[in-house]
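Residues per chain are reported as follows:
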Amino acid sequence: MFDTKIAFIVRNDLPTWQRLNVVAFLATGIAAAAPEIMGAPYVDAKGRQYGKISGQPMLIFEADIGGLQTAHRKGLERELTLIPYVHAMFSTGHDEANREVFMAEEADSLNLVGLGVRGPKKIVDKVIKGLGLHG
C-alpha cells in the first residue's frame, strides 16, 4: 500500500518515559522531512476541526547501542532519511543546544538512543533486519 516505510528504533536500556519522549521527537523529524505523509485534518460529527496525523503507519523497534549504530551506518550507506537522537540531548533544554551536543558527538560512533528511518520499504527492511518490535 505504501512505497515507503517509517521505522523508529529506540534504545532498549532507557526508562519507558525516555523511550516515549525519544519516539515523539523522532516522529516530528520524520513529519518535517516528509510533509507529504500528513493526512487531512480530522473533523468530528459536530464539525469541529482537529489536527492532522500521519496517514502512513510507523513501526517502533528496539535495539542496544550496537544495533542502533549498525542501523545508522546502513541507513547512511543507503542514503535514507535519518533522524538521530543522542543521549546528550536529554541534558539540553532547547533545539539549538540539541544541535550543539549532536555536533560534539563522534560522527562514526554516535551515542544514539533513538533513530528515525524513512525510505523505500525494501531498503528500510534491510536496515532494520534482525531488530525486534518494541515490546
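About the cut-offs
- Residues numbered from 1 in each chain as written.
- Predicted model: local features only at pLDDT ≥ 70, side-chain atom pairs only at ≥ 80, totals over all residues.
- Heavy atoms only, no water.
- 1 Å grid on protein atoms, 1.4 Å probe; cavity = no way out; pocket = protein on both sides within 12 Å on 5 of 7 lines; lining within 4 Å.
- Points joined across faces, edges and corners; volume = space filled by probe spheres on them.
- Helix = DSSP H or I, 4+ residues; strand = E, 2+ residues; numbered from the N terminus.
- Nonpolar A, V, L, I, M, F, W, Y, C, P; charged D, E, K, R; others polar.
- Expected span 1.5 Å × (residues − 1).
- Contact = heavy atoms within 4.5 Å.
- Pairing = 2+ DSSP bridges.
- Axes fitted to C-alpha atoms, helices over the stretch in contact; angles between N-to-C directions.
- Buried < 20%, exposed > 50% of the residue type's maximum accessible area, 1.4 Å probe, protein only.
- Core = buried A, V, L, I, M, F, W, Y, C linked by side-chain atoms within 4.5 Å.
- Patch = residues over 30% accessible without salt bridge, like charges linked within 9 Å, V, L, I, M, F, W, Y side chains within 5 Å.
- Areas by Shrake-Rupley, 256 points an atom, 1.4 Å probe, with all protein chains shown as cover.
- Salt bridge = Lys/Arg side-chain N within 4 Å of Asp/Glu carboxyl O.

Observations concerning the layout of surface pockets
Then comes step 1: If you add up the space inside the largest pocket, you get close to 230 Å³.
Then comes step 2: Taken together, Phe25, Leu26, Thr28, Gly29, Ile83, Pro84, Tyr85, Met89, Asp95, Asn98, Arg99 and Phe102 make up the full set of residues lining the largest pocket.
Then comes step 3: Within the residue set of the lining of the largest pocket, elements represented by two or more residues are helix 1 (16-33), strand 3 (81-86) and helix 3 (95-103).
Then comes step 4: Split into classes, the residues belonging to the lining of the largest pocket amount to seven nonpolar, three polar and two charged.

Some remarks on helix 1
Then comes step 1: Taking 1.5 Å of rise per residue, the 18 residues of helix 1 would be expected to cover 26 Å, and the 26 Å separating its terminal C-alpha atoms lies within 8% of that figure.
Then comes step 2: Along its buried surface, helix 1 packs onto strand 1 (4-11), strand 2 (59-63), strand 3 and strand 4 (112-120).

Let's talk about the sheet that holds strand 4
Then comes step 1: Sheet architecture is open: five strands sit in the order 3-4-1-2-5, paired in mixed fashion. Bordering the open sheet on either side are strand 3 and strand 5 (132-133), each of which pairs with just one other strand.
Then comes step 2: Pairing of strand 3 with strand 4, which is carried by six bridges, proceeds in the antiparallel orientation. Bridging from a neighbouring strand, isoleucine 83 pairs with glycine 116 of strand 4.
Then comes step 3: Running at roughly 35° to strand 4, helix 2 (residues 65-77) makes contact with strand 1, strand 2, strand 3 and strand 4 of the sheet.

Regarding the side chain of histidine 72
Then comes step 1: Examined against the element boundaries, histidine 72 turns out to sit in helix 2.
Then comes step 2: For histidine 72, a relative accessible area of 12% translates into the label buried.
Then comes step 3: Ignoring any residue separated from it by four or fewer positions in sequence, one finds histidine 72 in contact with Leu82, Ala107, Leu110, Leu112 and Leu115.

Observations concerning the nonpolar core
Then comes step 1: Counting residues in hydrophobic clusters, the biggest one holds 30 residues, and the most contacted among them are Ile9, Val22, Leu115 and Val117.
Then comes step 2: If you list the elements that add at least two residues to this core, you get strand 1, helix 1, strand 2, helix 2, strand 3, strand 4 and helix 4 (121-127).
Then comes step 3: Ignoring sequence-local partners within four residues, the contact set of leucine 115 consists of Ala7, Phe8, Ile9, Leu26, Leu68, Ala71, His72, Leu82, Ile83 and Pro84.

Let's talk about a nonpolar patch on the surface
Then comes step 1: A cluster of nonpolar residues, Tyr42, Tyr50 and Ile53, forms a patch on the protein surface that exposes about 330 Å² of accessible area.
Then comes step 2: By secondary structure assignment, the location of isoleucine 53 is in the loop between helix 1 and strand 2.

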